[in-house]
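Per-entry structural report
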Amino acid sequence: MSSTIALHNLALAFYVLSIVVWVVARPIKSISQSIAVWPAVAGFLCQVLQVAIRWKQGGHLPVTGLFETQHFLALWVVATALYFAFRYWAYNFLPAAMGFAIAALLFASKGPKTVAPLTPAIDTPYFLIHVATSFAAYGLFGVAALMAIYRTLRISGSPLAAERRMLDECIYFGYILFTWAMITGSLWAYLTWGSYWTWRIKGLWSWILWFYYSGVLHVRSRPGWQGWPVNVLAVAGFVLVLFTYLGLGLLFKTSHPLL
Amino acid sequence: MASPEKPLEKSLDLIWRVATSPVTFVVLTILWCIDLAAGSIAAYFNDPQFWIKMDSYPFNLWLEQVAPKTFPLSLWVYILVALSYLMIISLLLCTINWFMRRRKRLKGLGEFLVHLGFLLIFAGFVLGSALGSRSQVNVPQGQTAKVPGMELDLKLENLSVVRSPEGRPLDTISSVGLFQDGVRVAGGKIRTNHPLIWGKTVVYPPEDYGAGVVGGVLGASGAGAVRLISGRAVTLADDRTLEVGGILQRGERRGNVLGPGMLVVMKNQAGRTMGSAYLSPVPGMPDKADIAGVRLTLGQLTESTYGLFRVHHDPGIWLVIIGSVILFLGTFWALAGYLGIVPGAAKPQE
């Protein structure tokens, strides 16, 4: 376990370093801000290694508990930011994505770090796919919200078409992943609780989220919704994600506890 | 000069365009989300057990029997139902419209499959809500009990508890058999995440289990000793039946009634209840009762290992499964279209 904690701390340090490098390189014309990518890559590799070790130790995809789910979330956020950096040269987006990943990893630190065996209720591939795709989708929706803020403030430094493409990819891929999460979650609920549809508050709000992003997908290509409306929808969507994930877990007794 | 049909054609065209517009669907979706969000929170704060109670009924039964009693707190559920149907109509028209316009090309096929899959899931949900049933049945080990509301019997052959190295119960493994008209139609071992599935009927692992009262031996005037076990009716000489209506375990209390004990119910040939009485060996509790002229005297309670099983029957489940598969394939096709591997729907341009 100590190796995974060390890798967790190392990943955190690399993400902080990435922001520092970006800030330091910004006023210096002879240094490209693209060098901030490399600490992010190093942190990402630390996280991948950490996930691989936990997977080997636990014998299952490590997506149970706060520590592992937050790592998974951060992994997707950083992977998306790196994809944007290499594909669209969106280096200005790195600090925001790193900030998001750092917040997720700090939150992860609050959870138990031991590799726990699966209890009978979650010892099913449906659970693992459900959680993995949920957090991947949450990560992409989060990146979409950050990109929308960048677009609104006009600080991305990327061409408008690239900005729009990045935002759209996050929402589109996030929605597809979330759809898979809903299908596997429903199947799991059918086998465990007796119905693919349950009137439990977490499930209901997940459907609200799914319908919300269904609506966003329907209007995102329409001329009247380009520009600021789709930015607002992306940010509001992530607020909904945060409430569904954190708000419900903190305010209500749910079937999906945070810890 | 315009022909008289033209205004009508224009109006119909406008109605069709509004009905098949994605914006109509989005507006309905927003209203649906707002209603469910507000209603779900209000319901929770009014009664934190609201959802658990709702889950124990098929939805239509809940709407018919429970919702009117909690009105106006259940108003949002009625609104939700109305909005759901409007959303589905909008989705159906959009899908038909797509099929009429674009069926010769594969462009947008992924999105079409997603819509079709969702429509099938909804149809399955409506069918399951209207015709499905959910029952609980208490089965003593080695015994067979009738599943209420279904023409089925459930036998619990064996129940064992899986424990952690510290002795904490983790799971149960139950060997069960499902019988229809005396013929075993399904059976096997069930545990968490591995229920017994027989077509549209599913038997889930026990919600509760343990050693406890499962019935008792009674003396009945004119019939002698009667051995009653939960889930099985005993027929008396005049075709009246006796059965266990409920059980309280040791230390349990319902109002003024203390456990252990059992509620004995007498029914006539037509299955109508003629009377009932709670019998218990606890001092101060009745151990004798007269029901419809029959004197019942409690001899002793029978204790055994028992399991409280849930049995669900959902006639819409196959539509839901087919719809889910289509929806799942649709997302793959849509993804491939988005990535340019197959013809895809339009992407936004700035």
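Structure's up top.
As the structure is a prediction and not an experimental result, all values here were calculated from the model.

Here we take up the nonpolar core. Phe-84, Phe-93, Phe-178 and Tyr-213 of chain A together with Trp-32 and Trp-51 of chain B are the most contacted members of the largest nonpolar core, which totals 131 residues. Sorting elements by how many residues they give to this core places helix α6 (residues 160–192) of chain A first, with 18 residues. If we skip the residues at most four places from it in the chain, Phe-84 of chain A touches Trp-89, Ala-90, Phe-93, Val-143, Met-147, Met-166, Glu-169 and Cys-170 of chain A.

All right, on to the sheet that holds strand β14 (residues 273–279) of chain B then. All names here are of chain B. Strand order across the open sheet formed by 4 strands is β9-β10-β13-β14, with antiparallel pairing between neighbours. At either end of the open sheet lies a strand with only one pairing partner, and these are β9 (234–235) and β14. Where β9 lies against strand β10 (residues 241–248), 2 bridges are found, and the strand directions are antiparallel. By the bridge assignment for β10, Thr-235 is matched with Thr-241.

What follows covers helix α4 (residues 59–70) of chain B. Residue and element names in this part refer to chain B. Along α4, the residues that are buried comprise Phe-59, Trp-62, Leu-63 and Ala-67. Projected down its long axis, α4 shows its buried positions confined to an angular sector of 95 degrees, all on one face. Turned more than 90 degrees off the buried face of α4, the exposed positions are Glu-64 and Lys-69.

Moving on, we get to the environment of Asp-47 of chain B. All names here are of chain B. As for its placement among the helices and strands, Asp-47 is situated in the loop between α2 (22–46) and α3 (50–55). Looking at Asp-47, the relative accessible area reads 19%, which means it is buried. In this structure, the C-alpha to C-alpha distance between Asp-47 and Gly-177, residues 130 residues apart in sequence, is 37 Å.

This model, assessed by the stated rule, comprises 38 aromatic pairs over all chains. Seen in terms of ring centroids, Trp-197 of chain A and Trp-199 of chain A are 5.3 Å apart; in terms of plane orientation they differ by 80 degrees. Their pairing is edge-to-face. Of the aromatic side chains, those joined through ring pairs into one cluster are Tyr-175, Trp-197, Trp-199, Trp-207, Trp-210 and Phe-211 of chain A together with Trp-32, Phe-59, Trp-62, Phe-118 and Phe-125 of chain B. If you follow Arg-200 of chain A out to its NZ or CZ, it ends over the ring of Trp-193 of chain A, 4.1 Å from the centre. Here the basic side chain of Arg-310 of chain B rests over the ring of Tyr-204 of chain B, its NZ or CZ set 5.0 Å away from the ring centre.

For Ser-40 of chain B, the position within the fold is in helix α2. Polar contacts involving the side chain of Ser-40 of chain B include one to the side chain of Trp-205 of chain A, which spans 3.0 Å. If sequence neighbours within four positions are ignored, Ser-40 of chain B has contacts with Ile-201, Leu-204 and Trp-205 of chain A together with Trp-51 and Trp-76 of chain B.

Analysis parameters
- Residues numbered from 1 in each chain as written.
- Chains lettered and ligands numbered in written order.
- Predicted model: local features only at pLDDT ≥ 70, side-chain atom pairs only at ≥ 80, totals over all residues.
- Heavy atoms only, no water.
- Core = buried A, V, L, I, M, F, W, Y, C linked by side-chain atoms within 4.5 Å.
- Buried < 20%, exposed > 50% of the residue type's maximum accessible area, 1.4 Å probe, protein only.
- Helix = DSSP H or I, 4+ residues; strand = E, 2+ residues; numbered from the N terminus.
- Contact = heavy atoms within 4.5 Å.
- Pairing = 2+ DSSP bridges.
- Arc of directions from axis to C-beta.
- Phe/Tyr/Trp six-rings, centres within 6.5 Å; stacked < 30°, edge-to-face > 60°.
- Lys NZ or Arg CZ within 6 Å of the ring centre and 35° of its normal.
- Polar contact = N/O pair within 3.5 Å; in protein donor to acceptor, adjacent residues only side chain to side chain.

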